[in-house]
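Now for the letters of each chain:
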Amino acid sequence: EPEVTQTPSHQVTQMGQEVILRCVPISNHLYFYWYRQILGQKVEFLVSFYNNEISEKSEIFDDQFSVERPDGSNFTLKIRSTKLEDSAMYFCANARGAYTEAFFGQGTRLTVV
Amino acid sequence: KQEVTQIPAALSVPEGENLVLNCSFTDSAIYNLQWFRQDPGKGLTSLLLIQSSQREQTSGRLNASLDKSSGRSTLYIAASQPGDSATYLCAVIGNRGSTLGRLYFGRGTQLTVWP
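It should be emphasised that the depicted structure is a prediction, and the values quoted were computed from it without experimental measurement. Numbers given to residues run from 1 along each chain, matching the order in which its sequence is written. Whichever chain is written first is A, and whichever ligand is written first is 1; the rest continue in order. Local features in this predicted model are restricted to residues whose pLDDT is 70 or higher, and side-chain atom pairs enter the listing and the counts only when it is 80 or higher, whereas totals over whole chains, interfaces and linings include all residues. Excluding hydrogens and water, the side-chain values take into account all heavy atoms of the structure.

*Asks:* Explain the interface of chain A and chain B to me, and be specific about the residues and the numbers.
*Replies:* Here a residue-residue contact requires only that any non-hydrogen atoms of the pair lie within 4.5 Å. With 26 residues of chain A at the contact, the number on the chain B side is 27 residues. Summed over both partners, the interface of chain A with chain B buries about 2200 Å², with 51% contributed by carbon and sulfur atoms. Any Lys or Arg side-chain nitrogen located within 4 Å of an Asp or Glu carboxyl oxygen qualifies as a salt bridge. On inspection of chain A and its partner chain B, the count reaches two salt bridges. With a shortest N-O distance of 3.0 Å, Glu56(A) and Arg102(B) are connected by a salt bridge. Polar contacts, as used here, are pairs of N or O atoms within 3.5 Å; protein pairs need one atom able to donate a hydrogen and one able to accept it. Residues neighboring in sequence count only if both atoms are side-chain atoms. In this structure, the connection of chain A to chain B is made through 11 residue pairs in polar contact (both at pLDDT 80 or more). The helix and strand labels rest on DSSP assignments: H or I over at least four residues marks a helix, E over at least two residues marks a strand, and numbering proceeds from the N terminus. Where the side of chain A that touches chain B is concerned, the elements lending two or more residues are β4 (31-37), β5 (43-50), β6 (53-57), β9 (88-95) and β10 (102-104) of chain A. Polar here means any residue other than Ala, Val, Leu, Ile, Met, Phe, Trp, Tyr, Cys and Pro, which are nonpolar, and Asp, Glu, Lys and Arg, which are charged; Gly is therefore polar. The class makeup of the residues in the side of chain A that touches chain B is 12 nonpolar, nine polar and five charged. Here the buried area means the combined drop in accessible surface, using a 1.4 Å probe, for two parts upon being joined, counting both sides.

In structure tokens form, the structure reads like this:
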């Protein structure tokens, strides 16, 4: 199966600090997504990204969140000022087409203290 | 808004049993449905993708069916093994105004297969 790589696997940060989560996508898979899963809850959509712009974002994805592909390869999620409630597992997902099979990374467990 | 429900929430069976996991969704206007496996503290592994025009999809001991009009899908696991123990997630992509492949997930069924 194609592999999406996420780093770091686990990050602990103090409330109010900025964090950047990174994702190395699959070659030729140009549709990018971030999801998160709070412990014990559903996997929730955050944002979709295609052709260097956001296609759709959920109500969770407020002004504290941003995404980009800084070098045309890696895909990043930045949280500017973390809150306790941002603690969750964050998943990057990647697909070849808009409605094709989505492949997920192993996740970054973010703990805000 | 699309809502996805999975029943049962948890299932514990002895090795060798055939079992069925259920998924239902409220808006039948979907583009496709995808089943995932999630091991504790790990990412999501794609198991099967069913297009809305398909009724069934098979991969090894797994068989997924889709009845779009009634808003239901089932994942059938044949001859279960302890290594099948994981949480199984169902997710749909809508085609009613949603853009570029947003997935709506259920809460999952936590499966335990004991030897």
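This is not the end of the story, as more comes after the structure.
*Asks:* I'd like a rundown of the state of the cysteines, residues and numbers included.
*Replies:* In what follows, a disulfide is any cysteine sulfur pair within 2.5 Å. All chains considered together, the criterion is met by two disulfides over all chains. Disulfide partner of Cys23(A): Cys92(A), at an S-S distance of 2.0 Å. Here Cys23(A) and Cys92(A) share a disulfide; its torsion about the S-S bond, -65°, makes the bridge left-handed. Within this pair, whereas Cys23(A) is found in strand β3 (residues 19-24), its partner Cys92(A) is found in strand β9, the two being separated by 69 residues in sequence. Taking relative accessible area as the criterion, Cys92(A) reaches 0% and is therefore assigned buried. Each sulfur in the disulfide pair Cys23(B) and Cys90(B) lies 2.0 Å from the other. Judged by the torsion about the S-S bond (-60°), the Cys23(B)/Cys90(B) disulfide is left-handed. Of this pair, Cys23(B) sits in strand β3 (residues 19-25) while Cys90(B) sits in strand β9 (residues 86-94), and the two are 67 residues apart along the sequence. Residue exposure (1.4 Å probe, protein chains only): buried if accessible area is under 20% of the type maximum, exposed if over 50%, otherwise partly exposed. Cys90(B) sits in the buried class, given a relative accessible area of 0%.

*Asks:* Explain the sheet that holds strand β7 (residues 65-68) of chain A residue by residue, including any values.
*Replies:* The strands making up a sheet associate through backbone hydrogen bonding, with each pair oriented either parallel or antiparallel. Residues and elements named next belong to chain A. Pairing within the open sheet is antiparallel, and its four strands lie in the order β1-β3-β8-β7. Only two strands of the sheet have a single partner each, and these edge strands are β1 (5-7) and β7. Taken pair by pair, the neighbouring strands of this sheet meet at an average axis angle of 15°, ignoring direction. By the bridge criterion, four bridges tie β7 to strand β8 (residues 75-79) in an arrangement that is antiparallel. Residue pairing for β8: Val67 is matched across the bridge by Leu77. In short, DSSP must find at least two bridges between two strands for them to pair. Angles shown run from 0 to 180 degrees and are taken between the N-to-C directions of axes, each axis being a line fitted to C-alpha atoms and, for helices, limited to the stretch in contact.

*Asks:* Residues and numbers for unusual backbone geometry, please.
*Replies:* Across the junction of Thr7(A) and Pro8(A), the peptide omega takes the value -10°, indicating a cis bond. Secondary-structure assignment places Pro8(A) in the loop between β1 and β2 (10-13). The peptide bond linking Ile7(B) to Pro8(B) adopts the cis configuration, its omega dihedral lying at -5°. Residue Asn51(A) is not a glycine yet carries a positive backbone phi of 55°. Here Asn51(A) shows up in the loop between β5 and β6. Residue Asn51(A) is classed as exposed on the basis of its relative accessible area of 59%. Although it is not a glycine, Ala79(B) adopts a positive phi angle of roughly 45°. One can find Ala79(B) in the loop between β8 (72-77) and β9.

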